[in-house]
Amino acid sequence: MTAPAPYSRISELPSHAGETVRVRGWVTHLRSSGKVAFVVLRDGTGLLQAVLVKSSVSPETWTRFGQLTQETSIEVEGEVRPDARAPGGFELAVNGLSIYGESPIDYPIQPKEHGIDFLLDNRHFWLRTPRQRAIARVRSEVEQAIRDFFYERDFTLVDTPILTSASGERSGLFSTEYFEEGTAYLAQTGQLYGEAAAAAFGKIYCFGPTFRAEKSKTRRHLSEFWMVEPEVAFNDSEDNMRLQEEFVSYIVARVLERRQPELKELERDLSKLESIKAPFPRVNYSDAVEILQSKGSSVTWGDDLGAEDEAILVQDQDRPVFIYNYPKQAKAFYMKENPDDPRTVLCDDLLAPEGYGEIIGGSEREDDHDKLLARIEAENLPVEAYNWYLDLRKYGTFVHSGFGLGLERTVAWISGIHHIRESIAFPRTMHRLKP
RNA sequence: UCCCGAGUAGCUCAGGUGGUAGAGCAGGUGACUGUUAAUCACCGGGUCGGGGGUUCGAGUCCCUCCUCGGGAGCCA
């Protein structure tokens, strides 16, 4: 009795040419020509064409081929051999086939066009398709690049709470009951906690899911999205922007270096990514308003910039653009007043090219206790919830800056996909909680 | 919340001026020894989103509700 053939993943097959191996996976295509049959299977590392010749397999094996349907999970055993006609250049000459789990004929995803509602309802299956797997791998690479970037630069990762009492942003909050403490809110940002941690470690970042109950229905919004937020003690707003452009350039370079097959699957124009190198253009908010007005926009000084305005500012740019120092009333309470123009705050938005919109919002934080307290009161925020945050300005206040980068927007931009919902495995949008 | 658009077979869609529905793919059966989203022949498949109205008659016209999509605002 001989030992069973070893298992191999599809990507490893070229190194097993001439050997007999077993491969496990899911059926993606079936073709039959009477006495020769082809099974294409997927195992997450690639596609394998397995060939069955009726005269050289057992009758039982031939019968089992007839029972296969799309997405049946199977094991095939056979000899690996090079063949130019096979996808990947190698195929398996099958001598054994076993079925792990059958798949009824009503498997919903077909190799054809589907509508978006149908695909989102079947997201758990949609993930199995080549394009969606490519996006997910780009996302995974972006996340790893984010962690490596900060690790290499001696930032400490600090995980911040998701259940919070105070919020950092003004937009919609998800709430839930919290024991005897009243209402808790799902975090919209980890920033305030990050600021506390920056005084302990100097350089920190947090990275996790954040929640916005905004009733937004656009291709740039999710109600649950991932945000990475570094916070650096003694960085001013200029240092902050330099960190941002270095960070974004690093992420793009990493994906270009390691995810070529995925970018090819996504038909991404690589030249658009290759030009993403620091430094990025910087446009002062006031200058931006003048530019926009000269191009016919109706914005007036003091307004936040709308989606159309942002599109105008990035058109013809081959890399992201900083818009910095917005009016105070357009921005959050924690941003530091600009000493050179107190109507504005020291902050920046980083707008991605090709119409992907704002991928980063950053600022120097208000480090003056009294000014910060005045802003909290002016916004009618509950001061008692911010006492600990105000304490940071009372006990050894320090210049510090940080920013938040939206992971899904960044992944959508790098992948070149139209809608942000495909950049996370199970998107949460206004009208979708399943699957 | 506001402004558009769409709901017809499992999926993607077509159905001038009202006369109770079609195609492609998927599925079933058969043929084929090298297929690449195989090909060819035949077969089955529908509460036309729900409700109300006009009409002899509504997928089609009117009202209403629901669902979904696109966009705006807000933001990452």
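Calculation notes
- Residues numbered from 1 in each chain as written.
- Chains lettered and ligands numbered in written order.
- Predicted model: local features only at pLDDT ≥ 70, side-chain atom pairs only at ≥ 80, totals over all residues.
- Heavy atoms only, no water.
- Near = heavy atom within 4 Å.
- Polar contact = N/O pair within 3.5 Å; in protein donor to acceptor, adjacent residues only side chain to side chain.
- Helix = DSSP H or I, 4+ residues; strand = E, 2+ residues; numbered from the N terminus.
- Nonpolar A, V, L, I, M, F, W, Y, C, P; charged D, E, K, R; others polar.
- Buried < 20%, exposed > 50% of the residue type's maximum accessible area, 1.4 Å probe, protein only.
- Arc of directions from axis to C-beta.
- Contact = heavy atoms within 4.5 Å.
- Pairing = 2+ DSSP bridges.
- Axes fitted to C-alpha atoms, helices over the stretch in contact; angles between N-to-C directions.
- Salt bridge = Lys/Arg side-chain N within 4 Å of Asp/Glu carboxyl O.
- Parallel < 35°, antiparallel > 145°, perpendicular 65-115°, else oblique.

Engineer: Residue-level account of the protein's contact with RNA strand B, with values.
Structural biologist: Inspection of the region around RNA strand B gives 52 residues, with Pro-111, Lys-112, Arg-212, Glu-358 and Arg-409 positioned closest. Within 4 Å of the protein, the contacting atoms of RNA strand B are 48% sugar and phosphate, with bases supplying the remainder. Arg-219 places a polar main-chain atom, nitrogen or oxygen, 3.3 Å from a phosphate oxygen of RNA strand B. The backbone of Leu-222 places a nitrogen or oxygen atom 2.8 Å from a base nitrogen of RNA strand B. For the surface near RNA strand B, the secondary-structure elements that each account for two or more residues are β1 (20-32), β2 (36-42), α2 (116-121), β11 (224-233) and β15 (357-364). Per-class residue counts for the surface near RNA strand B are 13 nonpolar, 18 polar and 21 charged.

Engineer: Talk me through helix α12 (residues 387-394); I want residue IDs and the actual numbers.
Structural biologist: Within α12, the full set of buried residues consists of Tyr-389, Leu-390, Leu-392 and Arg-393. Relative to the axis of α12, the buried residues are bounded by an arc of 140° and lie together on one face. Of the surrounding secondary structure, the elements contacted by the buried residues of α12 are α5 (191-201), α11 (369-378) and β16 (400-406). Residue Gly-396 follows α12 closely and has a positive phi angle near 75°.

Engineer: So, the sheet that holds strand β4 (residues 73-82): which residues are in play, and what are the values?
Structural biologist: Pairing in this closed barrel of five strands is mixed, and the strands run β1-β2-β3-β5-β4 around the ring. Ignoring which end each strand starts from, the neighbouring axes of this sheet average 55° apart. Examined bridge by bridge, β4 and strand β5 (residues 90-101) share 10 bridges and lie antiparallel to one another. Residue pairing for β5: Glu-77 is matched across the bridge by Gly-96.

Engineer: Give a description of the pattern of salt bridges that names residues and reports values.
Structural biologist: Counting across every chain of the model gives 30 salt bridges. Residue Arg-254 pairs with Asp-148 through a salt bridge whose shortest N-O separation is 2.7 Å. Taken together, the residues Arg-254 in helix α6 (residues 237-258) and Asp-148 in helix α4 (residues 130-152) connect sequence positions 106 residues apart. For Arg-254, a relative accessible area of 6% puts it in the buried group. On the accessibility criterion, Asp-148 (22% relative accessible area) is partly exposed. Of the charged contacts, one joins Asp-239 and Arg-242 as a salt bridge, the two residues approaching to 2.8 Å between their closest N and O atoms. Taken together, the residues Asp-239 and Arg-242, both in helix α6 and three residues apart, mark about one turn of the helix. With relative accessibility at 22%, the residue Asp-239 sits in the partly exposed group.

Engineer: Tell me about the packing of helix α9 (residues 285-294) against helix α10 (residues 307-314), and please be specific about residues and values.
Structural biologist: Packed helix pairs are specified by the crossing angle of their axes together with the interaxial distance, meaning the distance between the axes. At a minimum axis separation of 10 Å, α9 and α10 run at an interaxial angle of 95°. With respect to α10, the axis of α9 lies roughly perpendicular. For the pair α9 and α10, contact is made by Ala-288, Ile-291 and Leu-292 and by Asp-309, Ile-312 and Leu-313, respectively. Split by residue class, the contact of α9 with α10 holds five nonpolar, no polar and one charged.

Everything listed here is a matter of coordinates, which is why it stays silent on function.
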